[in-house]
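Structural characterization, general
In case you want the letters, here they are:
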Amino acid sequence: MPEIPKAYEPQSVEEKWYQYWLEQKCFVAVAHSRKRAYSIVIPPPNVTGMLTLGHVLNNTIQDILARAARMKGHEVLWLPGTDHAGIATQTVVERDLRKEGLMKHREDLGREKFLEKVWAWKEKHGGIIIQQLKKLGASCDWTRERFTMDAEYSRCVQRVFVELYNKGLIYRGKRMVNWDPAARTALSDEEVEMVEEQGHLWHLKYPLVGEDGFVVVATTRPETMLGDEAVAVHPGDTRYENLHGKKVMLPLVNKPIPIIVDELVDPKFGTGSVKVTPAHDPADYEMGLRHHLPLTVVIAPDGSMTATAGEAFEGLDRMKARNAVVEKLEALGLVLKVEKYVHRVGYSERSHVPIEPYLSEQWFLRYPAVDKAVAAVETGQIKFHPERWSKTYLHWMVNIKDWCISRQLWWGHRVPGWGKDGETRCQIESPGDGWQQDPDVLDTWFSSWLWPFATMGWPEKTETLQKFYPTTDLVTGPDIIFFWVARMIMAGFEFTGVEPFRNVYFTGLIRDKQGRKMSKSLGNSPDPLDLVARYGADALRFGVMRSAPLGQDVLYDEQQVELGRNFCNKLWNACRFRQLHPGEVQGEIDPRLLTIDDRWILLQLDAAIREMDAAFAGYKFSDATGTLYRFFWSEYCDWYVEAAKAVLQGNDAARRGNTLAVIDFVLSHVLRLFHPFLPFITEELWHGMGYAKDMPQDQGGKTIMFAPWPKALDEDFKSLYGLAEETLATIAGRQKLVIEIRNIRAQYKIPANKKFNIVYHAPADIDPEEKRVIELLAGAESIAHRTAYEPAKGEPVVHPDFGGKFFIPLAGLVDAQAEKGRLAKELQKVEAEIQKGEAKLANPNFADKAPPEVLREHRQRLADWQAKRAQLRVALAELD
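Report follows, based on the coordinates.

About the criteria used
- Residue indices follow the written sequence of each chain, beginning from 1 at its first position.
- Under the rules for a predicted model, residues below a pLDDT of 70 receive no local features and side-chain atom pairs below 80 are neither given nor counted, while totals for whole chains, interfaces and linings still include all residues.
- Computation of side-chain values: all heavy atoms of the structure, hydrogens and water removed.
- Per the convention used, a helix needs a DSSP run of H or I reaching at least four residues, while a strand needs a run of E reaching at least two, with both numbered from the N terminus.
- Only protein chains enter the accessibility calculation, which uses a 1.4 Å probe; a residue is then buried when its area is under 20% of its type maximum, exposed when over 50%, and partly exposed in between.
- Two residues form a contact once any of their heavy atoms are found within 4.5 Å.
- Nine residue types can take part in a nonpolar core, namely buried Ala, Val, Leu, Ile, Met, Phe, Trp, Tyr and Cys, and a core is a set of them joined through side-chain atoms within 4.5 Å.
- Pairing between two strands requires that DSSP report at least two bridges joining them.
- This arc corresponds to the set of directions leading from the helix axis out to the C-beta atoms.
- In protein, a polar contact requires one atom able to donate a hydrogen and another able to accept it; more generally it is a pair of N or O atoms within 3.5 Å, and residues adjacent in sequence count only if both atoms are side-chain atoms.
- Any carboxyl oxygen of Asp or Glu within 4 Å of a side-chain nitrogen of Lys or Arg constitutes a salt bridge here.
- With axes taken as lines fitted to C-alpha atoms, and helix axes fitted only over the stretch in contact, angles between N-to-C directions fall between 0 and 180 degrees.
- When describing relative orientation, an angle under 35 degrees is termed roughly parallel and one over 145 degrees roughly antiparallel, while 65 to 115 degrees is termed roughly perpendicular and anything else oblique.
- By convention the crossing between two helices is left-handed if the near helix lies anticlockwise of the far one by an angle smaller than a right angle, and right-handed if it lies clockwise.
- Residues were grouped as follows: Ala, Val, Leu, Ile, Met, Phe, Trp, Tyr, Cys and Pro as nonpolar; Asp, Glu, Lys and Arg as charged; and all remaining residues, including Gly, as polar.

Observations regarding the environment of G417
- Take G417: it is sitting in strand β18 (residues 417-420).
- Judged by its relative accessible area of 3%, G417 is buried.
- With 12 residues separating them along the chain, G417 and E429 place their C-alpha atoms 9.4 Å apart.
- Sequence-distant contacts of G417, that is, excluding residues within four places in its chain, are made with R425, C426, Q436, Q437 and D438.

Dropping the structure here:
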């Protein structure tokens, strides 16, 4: 086998193998393959996007699933692509063009030229995140990369729109919508993020018409009072019975408006009487319709005040108008009081400004296939991991509202609606001369809800669609369960007749170790490519996955990535250790020559494979990495390899060759188990160890990617090689003995490089081979057998489970006086901690007020210190 270099250099290895995989078309899915299909579509990142740790988590999970499926014999399609991201992309391009002085608003350029600029921007910047995903090792079929504005994909979107329109599910209507004043477009309810804010509640006095007195209304938005058309009270509110049917004078506007009665009013809010602005509040709009009130628009689409708001306010930004209105009302003595008030304010998820309820003509969709989409999750036809998200999904599906699908943008799929002389037609091509196409585009999600099948050639029955659809898994975040997951399920049933995927894995959110969301403003969001450059892609993947329990938020700590790098180095060095011992690669294992340690590690390998299979079945990837870490680092490296040195350093060539065969057997399985998680280093070692050379080209000879996934050891294998469960108990007993001896070394501060002698006091001696293994593991010079032995005073002793006693003579190892001084000093510190803990718990100001869990923690801490004190006292007594 070729010699593995001394140090692992991830950068050169990663670049070499990724290029090799691309050249060998290892990621390309073959639609006419006879293998079972496995497919997964990438949640298309925004074309404006840059790689984040969230992308690392999501795409590493997808890559793990795809690579494991290839090894299990599936024909795998992991289909990549990007989303045109209507609002986000248009916002970025508009900002850049304004910086360049090419426009103040997109209208300055006109639609055609503006779109040329967007396409030019996309060609220049749109592929950045794809290249970044390749750095991570993503094994996507890049020959099938899709973009939601590709010509074929756009045709699918238009076709779906026309079909739903012809079914009566898409309609145009004037409704109160969520309006983004920054992007100047409508938003769906799901694109509005509710944020709790500290605001104010203004109590305003509206004078009664024709009599003395006022009606006091409470509002959080005084600027909208310029568009008030009524004051409303609840019919059961006796405080206002005498005012029913009367009028008040609207301040500043000097217009009489009626006092109406409506059950929508909450008598407990504010004063129980509310101002009604039908054009600027959803609830007020409903009351306005019932009471036939005018719709007076005082806030324009850009968030400024209209001419209807009055000369003093026209053109002011809505927030500045709020202050101006309050100032004028205060000058008139019409502000009764102002209270601090915490309330939830809707913000645009895209532009992060407060949304404006706005009356606008838009296109709406009545969702199709709702019953089938509900039943699919209820019956388990589509499984959610973790399952708890099915409740969230079903709650939304039961309370579903029509979807506002039109957006007042230019970048996106243009609505295939045409108008002429008051007539509207819906079709992909123009009906002819004089017909004007609707200027709106469709919500970005209206294209991405078709992603699983539109990317595979639908509506044509392509080979790809027939082979790989429905897809197997979807990996996404729970924050888009409504935006995307639910809509894809409905679209799948509506247009293909089947579910679009069978499993949905919901990742957690990545937070810093203080539990805060990652953000540039907090400075707690590292650049993943910087981490790849410093630690390697495998280290980043393993570090993130090790701290990502099923569906729970991930507390990111760079130490996990360092641990990933250390783990890669450990794997590298373990393989180099094998190469330092010449011998046939993957030789045949002779059952007659197996040591108890050989049998033990084979049993542990079997357990690890079974745990890995269970973890994959349950989508518990952190459990899988935990199993890999425990088996390889602890069981294989710390215990087996150290024990195997007894054979490898011995003179029995046959035994040595057999142990090397066991090592090769285990390492070849380990590399395959690791490959989905650590693709680069495992590929390098697979070839470097010579494991690829005897494998068929399509089963690991060309790449570990197609090497068979390890199978658990069956009963015939265990019987042939004498793998009995009693072995586990025997080795566990020995490990317990070694750990106790190591603890004594640590307790007496005996340096790790200093050998010591052990006396074994028992009627019969230990087997010589077993004795040599214990010496190696415990770091002992020798173990001398004695049938009679008188230990020195205070000499440490270990009582193993298999009989006899192990004594460790300290003469020459420990300076008794120095050790007594050290223990006395440590005891003094412990006594101080105990006094401090006892005083705190005796203090009623703490004991009576601290939460129960805090009290429990302090009591446990005190008990730990008291136990430590007892140990130190015993140790001191033994040295006297």
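There is more to say after this.
Observations regarding the nonpolar core
- In terms of nonpolar packing, the biggest core is built from 179 residues, with F384, Y393, F446, W449, L450, F632 and Y636 touching the most fellow members.
- The element best represented in this core is helix α19 (residues 621-648), accounting for 14 residues.
- Formed by 28 residues, the second largest nonpolar core is a distinct cluster that contains Y206, F313, V326 and V335.

Some points on the pairing of strand β9 (residues 230-233)
- Burial of β9 is two-sided: the residues A230 and A232 facing one way and the residues V231 and V233 facing the other way are all buried.
- As defined by bridge partners, β9 adjoins strand β12 (residues 273-276) across 4 bridges and the pair is classed as antiparallel. Looking across to β12, one finds that A230 is bridged to V276.
- Two strands pair when backbone bridges link them, and β9 and strand β11 (residues 255-261) are joined in this way by 3 bridges, in the parallel orientation. For V231, the partnering residue across the bridge sits in β11 and is I259.

Concerning helix α7 (residues 282-290)
- Regarding α7, the residues found buried are D284, Y285, M287 and G288. The buried residues of α7 occupy an angular sector of 165 degrees when the element is viewed end-on, so they sit on one face.
- Next to the buried residues of α7 lie β5 (170-180), β9, β12 and β14 (356-365).
- The backbone nitrogen of A283 has a side-chain oxygen 3.0 Å away, supplied by the residue at the start of α7, namely D281.
- Immediately beyond the C-terminal end of α7, within one or two residues, lies H292, with a positive phi of roughly 55 degrees.

Points about the sheet that holds strand β20 (residues 436-437)
- If you trace the 3 strands from one edge of the open sheet to the other, you get β19-β18-β20, paired in antiparallel fashion. Every interior strand has two partners, whereas the edge strands, β19 (423-426) and β20, have only one.
- Relative to β19, β18 runs antiparallel, the two being bridged by 4 bridges. Within the sheet, the bridge partner assigned to G419 lies in β19 and is T424.

Digging into the side chain of T471
- Tracing the backbone through its elements, the reader meets T471 in strand β22 (residues 471-476).
- Overall, T471 belongs to the buried group, its relative accessible area being 0%.
- Polar contacts involving the side chain of T471 include one to the main-chain carbonyl oxygen of P500, which spans 2.7 Å.
- Aside from chain neighbours lying at most four places away, what touches T471 is S39, I40, V41, M456, P500, F501 and R502.

Structural notes on the pattern of salt bridges
- In this structure the tally under the stated criterion is 49 salt bridges.
- Between D63 and R67 there is a salt bridge, with the nearest N and O atoms lying 2.8 Å from each other. In this pair, D63 and R67 both sit in helix α2 (residues 53-71), 4 residues apart, roughly one turn of the helix. Across this residue pair, the class does not change: D63 and R67 are buried.
- Put simply, K645 and E642 hold a salt bridge, and the shortest N to O gap is 3.0 Å. Highlighted residues: K645 and E642, both in helix α19, separated by 3 residues, approximately one helical turn.
- Put simply, R221, E223, R318, R322 and E356 are held in one network by salt bridges that share partners.

Regarding the packing of helix α23 (residues 726-747) against helix α24 (residues 768-778)
- For the pair α23 and α24, interaxial distance at closest approach is 9 Å and the crossing angle is 40 degrees. When the axis of α23 is compared with that of α24, the two are oblique. Handedness of the crossing formed by α23 with α24: right-handed. Within the contact between the two elements, α23 uses R734, L737, V738, I741, R742 and R745 and α24 uses E770, V773, I774, L777 and A778.
- Its residues placed into classes, the contact of α23 with α24 shows 7 nonpolar, no polar and 4 charged.

Some words on the side chain of Q132
- Among the secondary structure elements, Q132 is positioned in helix α5 (residues 128-136).
- The contacts of Q132, once residues within four sequence positions are left out, are M50, L51 and L529.

Description of the packing of α19 against α24
- Look at α19 against α24: their axes get within 8 Å of each other, and the N-to-C directions meet at 130 degrees. Considering their axes alone, α19 and α24 lie oblique with respect to each other. Crossing of α19 over α24 shows right-handed handedness. Between α19 and α24, the residues in contact are D638, W639, E642, A643, K645 and A646 and R772, V773, L776 and L777, respectively.
- A breakdown of the residues in the contact of α19 with α24 according to their chemical character gives 6 nonpolar, no polar and 4 charged.

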